[in-house]
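# Structural characterization, general
Read off the chains here:
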Number of protein chains: 2
Amino acid sequence: MKIIEHETLGNPADVLELKQVQDRTPGAGEARVKVLATPIHPANLLQISGQYAAAPDLPAIPGGEGVGTVVELGAGVEHLQVGQNVLLAGVGGTWRDEIVAPAAGFIPAPPGDVEQLSMLAVNPMTAHLMLADFADLEPGDWIIQSAANSAVGEMVIQLAAQKGINTVNIVRREDLILPLKSLGATVALVDGPDLAERVQAATGGAEIKLAMDCVGGDTFERLVETLGYGGSIVVYGTLSGKFPELNMRALIANDVRPRGFWLQQWYTTASQEQKQAAMGALVPLIASGAIKTRIDSRFPLEEIGDAVNRAAASGRDGKVLLVPNAV
Amino acid sequence: MKIIEHETLGNPADVLELKQVQDRTPGAGEARVKVLATPIHPANLLQISGQYAAAPDLPAIPGGEGVGTVVELGAGVEHLQVGQNVLLAGVGGTWRDEIVAPAAGFIPAPPGDVEQLSMLAVNPMTAHLMLADFADLEPGDWIIQSAANSAVGEMVIQLAAQKGINTVNIVRREDLILPLKSLGATVALVDGPDLAERVQAATGGAEIKLAMDCVGGDTFERLVETLGYGGSIVVYGTLSGKFPELNMRALIANDVRPRGFWLQQWYTTASQEQKQAAMGALVPLIASGAIKTRIDSRFPLEEIGDAVNRAAASGRDGKVLLVPNAV
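Worth saying up front: this structure is predicted, and the values here are computed from it rather than measured. (Residues numbered from 1 in each chain as written. Chains lettered and ligands numbered in written order. Predicted model: local features only at pLDDT ≥ 70, side-chain atom pairs only at ≥ 80, totals over all residues. Heavy atoms only, no water.)

## Digging into the interface of chain B and chain A
The line we're drawing: Every residue pair with non-hydrogen atoms within 4.5 Å of one another is taken to be in contact. Accessible surface is computed with a 1.4 Å probe, and the buried area is the amount of it that two parts give up when combined, taken over both parts together. For this analysis, a salt bridge means a side-chain nitrogen from Lys or Arg found within 4 Å of a carboxyl oxygen belonging to Asp or Glu. We call two N or O atoms a polar contact when they sit within 3.5 Å, provided that within protein one can donate a hydrogen and the other can accept it, with sequence-adjacent residues counted only if both atoms are side-chain atoms. Three classes are used: nonpolar for Ala, Val, Leu, Ile, Met, Phe, Trp, Tyr, Cys and Pro, charged for Asp, Glu, Lys and Arg, and polar for all others, with Gly counted as polar.
With 27 residues of chain B in contact, the opposing surface of chain A contributes 27 residues. With both sides pooled, the region where chain B packs onto chain A buries about 2400 Å², and carbon together with sulfur makes up 70% of that total. Of all residues in chain B, Phe243(B), Met248(B) and Ile252(B) bury the most surface against chain A, accounting for 31% of the area lost on that side. The interface formed by chain B and chain A contains two salt bridges. For the salt bridge of Asp255(A) with Arg259(B), the shortest nitrogen-to-oxygen distance reads 3.6 Å. The interface formed by chain B and chain A contains four residue pairs in polar contact (both at pLDDT 80 or more). Here the side of chain B that touches chain A is built from residues that sort into 14 nonpolar, six polar and seven charged.

## Details of helix H5 (residues 151-163) of chain A
All names here are of chain A. Worth spelling out the cut-off: For helices the rule is a DSSP run of H or I covering at least 4 residues; for strands it is a run of E covering at least 2, with both sets numbered from the N terminus onward. Here a helix's expected span is defined as the number of its residues, less one, multiplied by 1.5 Å. Partly exposed residues are those whose accessible area sits between 20% and 50% of the maximum for their type, while under 20% is buried and over 50% is exposed, using a 1.4 Å probe and protein chains only.
Here H5 contains 13 residues, and its C-alpha end-to-end distance of 19 Å stays within 8% of the 18 Å for a straight helix at 1.5 Å per residue. Regarding H5, the residues found buried are Val 152, Gly 153, Glu 154, Met 155, Val 156, Ile 157, Gln 158, Leu 159 and Ala 160. Looking at the residues trailing H5, positive phi occurs at Gly 164, about 75°.

## Concerning the nonpolar core
Our working definition: We call a set of buried Ala, Val, Leu, Ile, Met, Phe, Trp, Tyr and Cys residues a nonpolar core when their side-chain atoms join them within 4.5 Å.
Grouped together as the largest cluster of nonpolar side chains are 46 residues, with contacts concentrated most on Ile144(A), Val168(A), Ile233(A), Ile144(B), Val168(B) and Ile233(B). Beyond its immediate chain neighbours, meaning those up to four positions away, Ile144(A) contacts Val168(A), Ile170(A), Val199(A), Ile208(A), Leu210(A), Ala211(A), Met212(A), Leu223(A) and Thr226(A).

## A closer look at the environment of Asp136(B)
All names here are of chain B. Assignment of secondary structure puts Asp 136 in the loop between helix H4 (123-133) and strand S8 (142-145). Sequence separation between Asp 136 and Leu 210 is 74 residues, and the spatial gap between their C-alpha atoms is 9.2 Å. Setting aside its immediate chain neighbours within four residues, Asp 136 contacts Asp 141 and Lys 209.

## With respect to the pattern of salt bridges
Residue and element names in this part refer to chain A. Under the criterion given, the structure shown has 34 salt bridges over all chains. The partner of Glu 98 in a salt bridge is Lys 34, and the shortest N-O contact between them spans 3.5 Å. Remark: Lys 34 occurs in strand S3 (residues 30-40) and Glu 98 occurs in strand S6 (residues 98-102); sequence separation between them is 64 residues. Relative accessible area serves as the criterion here: at 5%, Glu 98 is assigned to the buried category.

## Looking at the environment of Ala103(A)
The residue Ala103(A) is located in the loop between S6 and strand S7 (106-108) in this model. Once you skip the residues sitting within four places of it in the chain, Ala103(A) turns out to touch Gly29(A), Glu30(A), Ala31(A), Val77(A), His79(A) and Leu80(A).

## Some remarks on the domain arrangement of chain A
Residues and elements named next belong to chain A. Rules: Residue ranges assigned to the domains are those given by an automatic or database domain assignment.
Along its sequence, chain A is carved into domain 1 (2-119 + 293-322) and domain 2 (123-264). Distance from the C-alpha centre of domain 1 to the C-alpha centre of domain 2: 31 Å. Tallying the contact residues gives seven residues for domain 1 and eight residues for domain 2. When domain 1 packs against domain 2, the two sides together hide about 560 Å² of surface, and 40% of this comes from carbon and sulfur. Per-residue buried area on domain 1 facing domain 2 is highest for Tyr 52, Thr 293 and Arg 294; these three make up 56% of the total on that side. In this assembly, domain 1 and domain 2 are joined by one salt bridge. Among the salt bridges present, the one from Glu 154 reaches Arg 294, with a minimum N-O distance of 2.4 Å. Linking domain 1 with domain 2 are two residue pairs in polar contact (both at pLDDT 80 or more). Classifying every residue of the side of domain 1 that touches domain 2 by side-chain character gives three nonpolar, two polar and two charged.

## Quick notes on the relation of the copies chain B and chain A
Quick note on the threshold: Only residues with pLDDT of at least 70 in both copies contribute their C-alpha atoms to the least-squares superposition of the copies.
The transformation that overlays chain B on chain A combines an axial shift of 0.0 Å with a rotation of 180°, and the residual RMSD is 0.0 Å. In the structure described here, the two chain copies are related by an operation that fits a two-fold rotation axis. Taking the C-alpha atom as reference, chain B places Glu245(B) closest to the rotation axis, 2.2 Å from it. Interface overlap between copies is the fraction of interface residues in one copy that are interface residues in the other; for chain B against chain A it reaches 100%, indicating a shared surface.

Below is the structure:
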């Protein structure tokens, strides 16, 4: 079988190699799965180049999620069937054409869009958990987010719209506004001075209950000013590379509550029930096409260099997928 | 009766005036109370000079807490008796020798130290609520605080010691350490670089569950570094006048949770049950002398200028009390 591997940290297009390794028959309790689609996320690229919080053990096979088809089962595997599609969750590196691993790492997938399901566990899950775990949101409530045109941001818009929650979406450029409106954004505004006043005007003075920020710096500071009493601001990245000043007065007088969210930590600590509940909420929406991640392009494993370069390019329009086995 | 009043905002010693006003007999549902002791807090001075968040309606009588003796009751007052000592809570300005107000504003006080009870509702209550409401603390747990030699800080030390909670106390000068140790401080350290390492060394690597900060700036930033995973940092003031940089990485990777605390807001929004529970926890400890606020000096109303100057002086050693009626 074929794997994508790197033995050193560095520029992904330089250090990643396609390798042929020995096929393996699944042992007791294992399954053999052909990988159909697995995405390239910015976090993958950061990890390969050594810029991510957690460095991989080398040599490493990147990739954290995907969808595959079961092609062979070892003894004693009850919850899977040959020919069935499965989500690749907790089976380690997914950038390969085949995986043999303990069957518990494969979750039966419903019928539906294989490519969309292959991108469920990172960005849609992040959006779902940030909406669910940091504020008690009812239909008609308002939230605000920065980087609203990111993969997570677009998921937040669609998930919130499904729940009847109004979104204020902050972007860097005017031309990013229209596409977000067509996704279901209630309000979309360009970041900059007097943001709180513009949000007030655009929402009719609505109370903002939750902010989500992956930018930091000035953007975080401006989002804090838009929050209502007791509102939370959840940070899940620092794209600007700048830490904000913390307005202690907003914490004391307006009970603003900053929090952090780290998906990897959630997967490590959430109970099986919590994971099933989150999956149960997301999978039907994604399998049915009710919420979607934009796809920029698809590459076979043989073109991994082009694939990671495309994933790092500023002009791309959606996710880059690896499709090791044509469907 | 005599009142302390100011008709303009300004330097307290300049704008405060002692005035003689008409005595009044309590109407139905009211009580007349002679004030025995009422403290001068920094927040009072800020409010008189116009530097506090909430400006008073002028003319204003300052003072937010104290103890008095019931001297006369209007018709229909059931829960009070003439001769009984009461806490002055929610009766408005307390810097006066007598108050006539609805009886609901007077809470029967237990026998015990009148002066200590007169200072219960602000600093001890702040310390109690910050310890109770932001972390689930068990005996043996560790907390950390800045400005540990402040009135709130000393209350935190004593309340925590009563509960078997270990305290790391951060101060500005070496000579402040010994007095805090004698109050029950587990560890006391001078603020400065490498604070997190020194806390680790002094606590044997204990997990710090809660930080309390009223300084801001660098001090807040250093306290964040001392917290364990999921620890909260509660801010209740900004003595340095500087907002800190918010380490977003600490929020994301270490789940640090900044919060604000504002006592005035708590009194406005807490339920009657919450207030009774908090009073019920504090009053016995204070009435019995188990926890104490240091008293610097006592002044009659006639010496209000000297009293507020003393309360603003850097060399004072504890609270300044107004004692309108000798006990």
